[in-house]
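Structural overview
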Amino acid sequence: MGQQQSIVDDDTPPQVLDERSLAAVADYIKSGQARRIVVMTGAGISTAAGIPDFRSPETGLYSNLARLNLPEPEAVFDLHFFRGNPVPFYVLARELYPGNFHPTVSHVFLSLLASKGLLYQLFTQNIDCLERAAGVPDSLIVEAHGSFATQRCINCRTPYPDDLMRDHVSRAEVPKCRKPRCGGIIKPDIVFFHEGLPEAFFAKRSMAADADLVIVMGTSLTVHPFASLPDEVPDDVPRLLFNLEKVGSLGGRADDVLVLEDCDTGVRKLADALGWREELEAEWRRVVGDEEADRQIQGSKKREAELLAEVERLADRVDDALHLQD
């Protein structure tokens with residue numbers, strides 16, 4: 001883990017990059033050849049922010065949902081279930097609502113790309129709005145699965161005010177439409193099961209084919225049609241992956257570079273190679289504050305220590321098993 005990898009044969013030369021490495025990607029950007037960078041992000045970019053996985057029994061969030069007698073955890077995002085019982089969703093929404101969490105250094109790196117005129121389009125699977133909080137302009141963001149940024153009535157589709165929504169969510173109460181004789185349930189513009197993706201995704205997905213460079217960050221690439229986006233990139237366009245493991249077709253092309261570690265660590269290495277590290281760290285601390293920045297850094301060190309401890313435990317078990325066979 002933590003190494004740059006590719007499944008392309010070592011004898012296969014890159015077509016565009018000088019070599020398949022992070023340094024070569026940085027040189028490509030600095031040369032001015034990557035003027036249209038398309039980024040695709042998933043949940044891994046927000047890990048350091050502390051956003052809990054509602055499926056995990058260790059977060060406390062799972063138990064909050066379990067006591068509400070859900071048929072399964074995913075039902076909280078099922079439109080049919082929501083119509084009949086929106087309460088579990090609003091219990092979850094109180095935990096995940098924008099403002100409860102702060103951008104990671106990876107989010108701020110995307111904002112830095114935008115400020116330098118290099119971010120062509122950002123496609124994200126996340127609903128947490130942390131890209132916006134980091135300073136990425138709304139016009140450059142396609143929230144493929146929607147987000148908490150806006151909300152409306154599920155019956156008449158009338159938009160609902162942000163301040164009233166925040167007030168209801170803070171109390172885990174279900175807001176209702178204010179339109180006379182409607183009274184429908186208000187739902188954030190998050191894509192639930194049984195709903196189609198936003199029109200913006202289909203209107204802008206072709207931008208992937210216009211990219212000079214694609215960066216994929218923190219996604220398993222298992223949910224379609226988002227998962228197919230990296231494959232719409234021309235074969236001669238470099239693709240860079242920041243993720244804990246190889247995903248999709250990444251690593252199968254001559255100019256694919258795989259950095260298999262957490263997003264924040266990979267982003268910092270790229271910023272170092274670009275000569276942007278000091279600017280990135282200063283902007284991140286300006287956005288989130290020193291206390292939150294230090295908290296995220298300490299959390300990262302804790303996760304790394306836990307991972308190393310787990311590797312050592314596994315090694316000990318293997319060693320014990322081998323000795324038992326002697």
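Calculation criteria
- Residues numbered from 1 in each chain as written.
- Predicted model: local features only at pLDDT ≥ 70, side-chain atom pairs only at ≥ 80, totals over all residues.
- Heavy atoms only, no water.
- Helix = DSSP H or I, 4+ residues; strand = E, 2+ residues; numbered from the N terminus.
- Areas by Shrake-Rupley, 256 points an atom, 1.4 Å probe, with all protein chains shown as cover.
- pLDDT = per-residue confidence, 0-100.
- Contact = heavy atoms within 4.5 Å.
- Buried < 20%, exposed > 50% of the residue type's maximum accessible area, 1.4 Å probe, protein only.
- Axes fitted to C-alpha atoms, helices over the stretch in contact; angles between N-to-C directions.
- Parallel < 35°, antiparallel > 145°, perpendicular 65-115°, else oblique.
- Salt bridge = Lys/Arg side-chain N within 4 Å of Asp/Glu carboxyl O.
- Pairing = 2+ DSSP bridges.
- UniProt positions renumbered as here; feature names shortened; annotations may be inferred.

1. Some remarks on the overall build of the protein chain
Scanning the protein chain for helices and strands turns up eleven helices and nine strands. Counting every atom, the protein chain has about 15800 Å² of accessible surface; 49% of that belongs to carbon and sulfur.

2. Notes on the confidence of the model for the protein chain
In this model, the protein chain carries a mean pLDDT of 86, and residues with pLDDT of at least 70 account for 84%. Contacts for the low-pLDDT stretch residues 318–323, under 50 throughout, to residues beyond four places or in other chains number zero contacts.

3. What to know about unusual backbone geometry
The omega torsion across His224 and Pro225 is 10°, close enough to zero to call that bond cis. Tracing the sequence through the fold places Pro225 in the loop between strand S7 (213–217) and strand S8 (239–243). Positive phi values are uncommon outside glycine, yet Arg157 reaches one of about 70°. Locating Arg157 in the fold gives a position in the loop between strand S5 (146–153) and helix H7 (162–170). Overall, Arg157 belongs to the partly exposed group, its relative accessible area being 42%. With phi around 80°, His194 is a residue other than glycine that occupies positive phi space. Within the element layout of this structure, His194 appears in the loop between strand S6 (186–190) and helix H8 (199–204).

4. Re the packing of helix H5 (residues 105–115) against helix H9 (residues 263–274)
Their axes nearest at 8 Å, the elements H5 and H9 cross at an angle of 40°. Accordingly, the angle class assigned to the pair H5 and H9 is oblique. Contact residues: H5 offers Val105, Ser106 and Phe109, while H9 offers Cys263, Asp264, Val267, Arg268, Leu270 and Leu274.

5. Some words on the pattern of salt bridges
Evaluation of the coordinates by the stated rule reveals 21 salt bridges. One salt bridge in this structure joins Arg239 and Asp231, with 3.8 Å as the shortest N-O distance. As a salt-bridge pair, Glu281 and Arg268 come within 2.6 Å of each other at their nearest N and O atoms. Pair noted here: Glu281 is in helix H10 (residues 277–288) and Arg268 is in helix H9, with a separation of 13 residues, a long-range link. For the pair Glu281 and Arg268, one class covers both residues: buried. Each member of the salt-bridge network shares a partner with another, and the members are Arg268, Asp272, Arg277 and Glu281.

6. Structural notes on the pairing of strand S2 (residues 37–41)
Most of S2 is tucked away, with five of its five residues classed as buried. Every second residue of S2 is oriented toward a common face, with Ile37, Val39 and Thr41 on one face and Val38 and Met40 on the other, all of them buried. Here S2 runs beside strand S3 (residues 119–124); their pairing, made up of five bridges, is parallel. The residue bridging Ile37 from the neighbouring strand is Leu119, located in S3. Where S2 lies against S7, five bridges are found, and the strand directions are parallel. Paired with Met40 across the bridge in S7 is Val216.

7. Remarks on the UniProt feature "active site" (unreviewed entry) in the protein chain
Mapped onto this numbering, the UniProt entry annotates "active site" (unreviewed entry) at His145. Residue position: His145 is located in the loop between strand S4 (141–143) and S5. A relative accessible area of 17% places His145 in the buried class. Other than its neighbours up to four places away in sequence, His145 contacts Thr124, Gln125, Ile127, Ile190, Val191, Leu197, Val223 and Phe226.

8. Topic: H5
Among the eleven residues in H5, ten count as buried, and that is most of the element. Within the span of H5, buried status applies to Val105, Ser106, His107, Val108, Phe109, Leu110, Ser111, Leu112, Leu113 and Ala114.

9. Remarks on the pairing of strand S9 (residues 256–260)
Taking burial as the measure, the five residues of S9 include five buried ones, the bulk of the element. Both faces of S9 are covered, namely the face carrying Asp256, Leu258 and Leu260 and the face carrying Val257 and Val259. Sheet topology places S8 next to S9; five bridges connect them, and they run parallel. Of the residues in S9, the one forming a bridge with Leu241 is Leu258.

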